[in-house]
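A structural walkthrough
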Amino acid sequence: MLYPVFRPLLFALDPEAAHNLALRSTAILSQLTPLAKLFHAVIAYSDPITVAGLAFPNRVGLAGGMDKNGVAPAAWWAFGFGFVELGTVTPRPQAGNDKPRMWRDVKRRALFNRMGFNNDGADSVAARLAKLRFRPPFPIGVSIGKNRDTPNERAEDDYRIAAEKLAPHADFLTINVSSPNTAGLRALQTADAMGGLVKAVKGVCGAKPLFVKFAPELTGDELKAVLDACLAAGATGIIGTNTLAATSPTDLPCGESGRPLKAIACERVGEIRKLIGSGVPLIGVGGIEDGDSARAMLAAGADLIQIYSALVYKGPFLAAKLARELKRTR
Ligand SMILES: Cc1cc2nc3c(=O)[nH]c(=O)nc-3n(C[C@H](O)[C@H](O)[C@H](O)COP(=O)(O)O)c2cc1C
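Now for a look at the structure at hand. (Residues numbered from 1 in each chain as written. Predicted model: local features only at pLDDT ≥ 70, side-chain atom pairs only at ≥ 80, totals over all residues. Heavy atoms only, no water.)

Regarding the sheet that holds strand β5 (residues 102-105)
In plain terms, the rule: DSSP calls a pair of strands paired once it identifies at least 2 bridges connecting them. Helix and strand labels come from DSSP, where a helix needs a run of H or I of at least four residues and a strand needs a run of E of at least two; each type is numbered from the N terminus. A fitted line through C-alpha atoms represents every axis, and for helices the fit uses only the stretch in contact; the resulting angles, taken between N-to-C directions, go from 0 to 180 degrees.
Here we have 4 strands laid out as an open sheet, ordered β5-β6-β12-β11, and antiparallel in their pairing. Looking at strand neighbours, the two that pair on one side only are β5 and β11 (244-247), the edges of this open sheet. Geometrically, the sheet is characterised by an average inter-axis angle of 35 degrees between neighbouring strands, direction not taken into account. The sheet contact formed by β5 and strand β6 (residues 110-113) spans 4 bridges and is antiparallel. Each residue of the ladder has a partner; that of aspartate 105, found in β6, is alanine 110.

Here it is in structure tokens:
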């Protein structure tokens, strides 16, 4: 719709500045409840499904990292998303890595980022969610992480503290142990570490669904062991995948997302589905940009999908478009 007009303006800006501008506009829409409701009435596409005991108006969600501080839940609903995953939120606020830390690769329809969990912290995000003027009628999940200066031996405390603060305001939580931009974080993707971590968070979030999000590089026996440990410790479902570990244009470690991740994420979701069997909720994310890639992710075994990078290239109305296409072609 209107996005082709705005895209050249946004792409003339530094990617993080463009992101902040787009997010600020989205946050304004989120505050204007009658306008958000009007947008929703015109744009959103209903294709309801129940997953993990939650009612989703459609299968297309906003992936973690786009709205790290929960500033625009009503706007995501207005744009036709079926759910949102806010965060990743850490117990204490942190600034993230030095800038520049986000790059576009327009030709490959990819993004590189090394944000490093820049966020307002669990208290601020919890307070924001507690005083939402209008809580949109779709599942609001929150992704939780650890602060960069917390050693992995004390990671359990960070995840538990973040969960204590955020679970009361969320419909589901996600444990993020798969960002490549917090040094050492991915080392938590082991059966040993995850057993305790999931148990600690589950103890706090009780009956609320708890997902765990993994990296695309985790595969084979290691993947099987960690999935078994998570599910045995009480995880409700799995999200695959986070970004690919890559090198930024500034020669630093970063994550790569978008089209280059598409086939790998789809393959990993297929592998996860085989390992966990049918019946365990699975969210597929990575490189979804059109009806074909959305359908491929569902065919691989995902119950729900999420998008991030394609929003940058195609705009926010993509969510409703995908929801419509999925229903039309099922
Ligand atoms: C700039 C940026 C920041 C991200 N931050 C987070 C985050 O905080 N938590 C998280 O779980 N995933 C984060 N992600 C990963 C996305 O949620 C998603 O897993 C990944 O981008 C693959 O999906 P896509 O190809 O549709 O972008 C981030 C991705 C990008 C591009």
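Remarks on the pairing of β11
Which entries qualify depends on this criterion: To sort residues, take the accessible area from a 1.4 Å probe on protein chains only and compare it with the maximum for the residue type: under 20% means buried, over 50% means exposed, and anything in between is partly exposed.
Where burial is concerned, the two faces of β11 differ: the one with Leu244 and Ala246 is buried and the one with Ala245 and Thr247 is not. Strand direction decides the pairing type here: β11 and strand β12 (residues 253-258), joined by 4 bridges, are antiparallel. Across the sheet, residue alanine 246 finds its bridge partner in β12, namely cysteine 254. A loop of 5 residues connects β11 with β12, the two strands running antiparallel in sequence, and aspartate 251 in this loop sits at a positive phi of about 65 degrees.

Side note on the site of the ligand
This is how it is decided: Near, as used in this document, describes a residue that has one of its heavy atoms within 4 Å of the molecule or strand being considered. Polar contacts here mean pairs of N or O atoms no more than 3.5 Å apart (in protein, one a potential hydrogen donor and the other a potential acceptor; neighbouring residues in sequence count only if both atoms are side-chain atoms). Accessible surface is estimated by sampling points in the Shrake-Rupley manner with a 1.4 Å probe; for residues, cover comes only from the protein chains shown. Polarity classes work like this: nonpolar for Ala, Val, Leu, Ile, Met, Phe, Trp, Tyr, Cys and Pro, charged for Asp, Glu, Lys and Arg, and polar for all others, with Gly in that last group.
As a structural note, the neighbourhood of the ligand is formed by 24 residues, with Gly64, Thr88, Lys213, Gly287 and Ser309 the closest of them. In the environment of the ligand, an oxygen atom lies 2.8 Å from a nitrogen or oxygen atom belonging to the side chain of lysine 213. Taken by itself the ligand offers 600 Å² of open surface, and the protein chains cover 98% of this. At the level of secondary structure, the elements contributing two or more residues to the shell around the ligand comprise β4 (83-89), β6 and β12. Broken down by class, the residue content of the shell around the ligand amounts to 8 nonpolar, 14 polar and 2 charged.

Considering the packing of helix α7 (residues 191-205) against helix α8 (residues 220-232)
Each pair of packed helices can be described by the angle between their axes along with the distance between the axes. Using the following cut-off: Orientation categories follow fixed angle ranges, with anything under 35 degrees roughly parallel, anything over 145 roughly antiparallel, 65 to 115 roughly perpendicular, and all other angles oblique. Left-handed describes a crossing in which the near helix is turned anticlockwise from the far one by less than a right angle; the clockwise case is right-handed. Any two residues whose heavy atoms approach within 4.5 Å at even a single point are treated as in contact.
At their nearest, the axes of α7 and α8 sit 8 Å apart, and the two run at 20 degrees to each other. When the axis of α7 is compared with that of α8, the two are roughly parallel. Helix-helix and strand crossings are classified by hand; for α7 and α8 the assignment is right-handed. For the pair α7 and α8, the contacting residues are Ala191, Met194, Gly195 and Val198 in the first and Ala225, Val226, Ala229 and Cys230 in the second. Residues belonging to the contact of α7 with α8 are distributed by class as follows: 7 nonpolar, 1 polar and no charged.

Description of a nonpolar patch on the surface
This is how it is decided: A patch consists of residues whose relative accessible area exceeds 30% and which take part in no salt bridge; residues with like charges are grouped when within 9 Å of each other, and nonpolar side chains (Val, Leu, Ile, Met, Phe, Trp, Tyr) when within 5 Å. Put simply, a salt bridge is a Lys or Arg side-chain nitrogen that is within 4 Å of an Asp or Glu carboxyl oxygen.
On the surface, Ile28, Leu32, Leu35, Leu38 and Val42 cluster together to form a nonpolar patch covering roughly 470 Å² of accessible area. Counting residues per element, the nonpolar patch draws most heavily on helix α3 (residues 33-43), which supplies 3 residues. Structurally, isoleucine 28 is set in helix α2 (residues 15-31). Exposure remark for isoleucine 28: the relative accessible area of 53% places this residue in the exposed category.

Section: the sheet that holds strand β14 (residues 304-307)
Around the barrel, 8 strands lie side by side as β3-β4-β7-β8-β9-β10-β13-β14; this closed barrel has parallel pairing. Looking at each pair of strands side by side, their axes are set apart by 25 degrees on average, direction ignored. Contacts from helix α10 (residues 291-300) reach β13 (282-285) and β14 within the one sheet, and its direction differs from that of β14 by about 140 degrees.

Here's the deal with unusual backbone geometry
Residue proline 100 is bonded to the preceding lysine 99 through a cis peptide linkage, with omega at 0 degrees. Structurally, proline 100 is set in the loop between β4 and β5. The linkage connecting glycine 240 with the following residue, threonine 241, adopts the cis geometry, with an omega of 10 degrees. In this structure, threonine 241 sits in the loop between β10 (237-240) and β11. A positive phi angle, near 50 degrees, is found at arginine 109, a position not held by glycine. Judged by its relative accessible area of 26%, arginine 109 is partly exposed. One non-glycine residue, phenylalanine 117, adopts positive backbone phi at about 55 degrees. The topology assignment puts phenylalanine 117 in the loop between β6 and α5 (122-130). The exposure class assigned to phenylalanine 117 is buried, which follows from its relative accessible area of 4%.

Examining α3
Counted only if it meets this: Think of the arc as the fan of directions from the helix axis to the C-beta atoms.
When we look at burial in α3, the residues that qualify are Thr33, Ala36 and Ile43. An end-on view of α3 places all buried positions within 110 degrees of arc, on one side of the element. Exposed residues pointing more than 90 degrees away from the buried face of α3 are listed as Pro34, Ala41 and Val42. Tucked into the core, α3 has its buried residues touching α2, α4 (73-78) and α12 (318-328).

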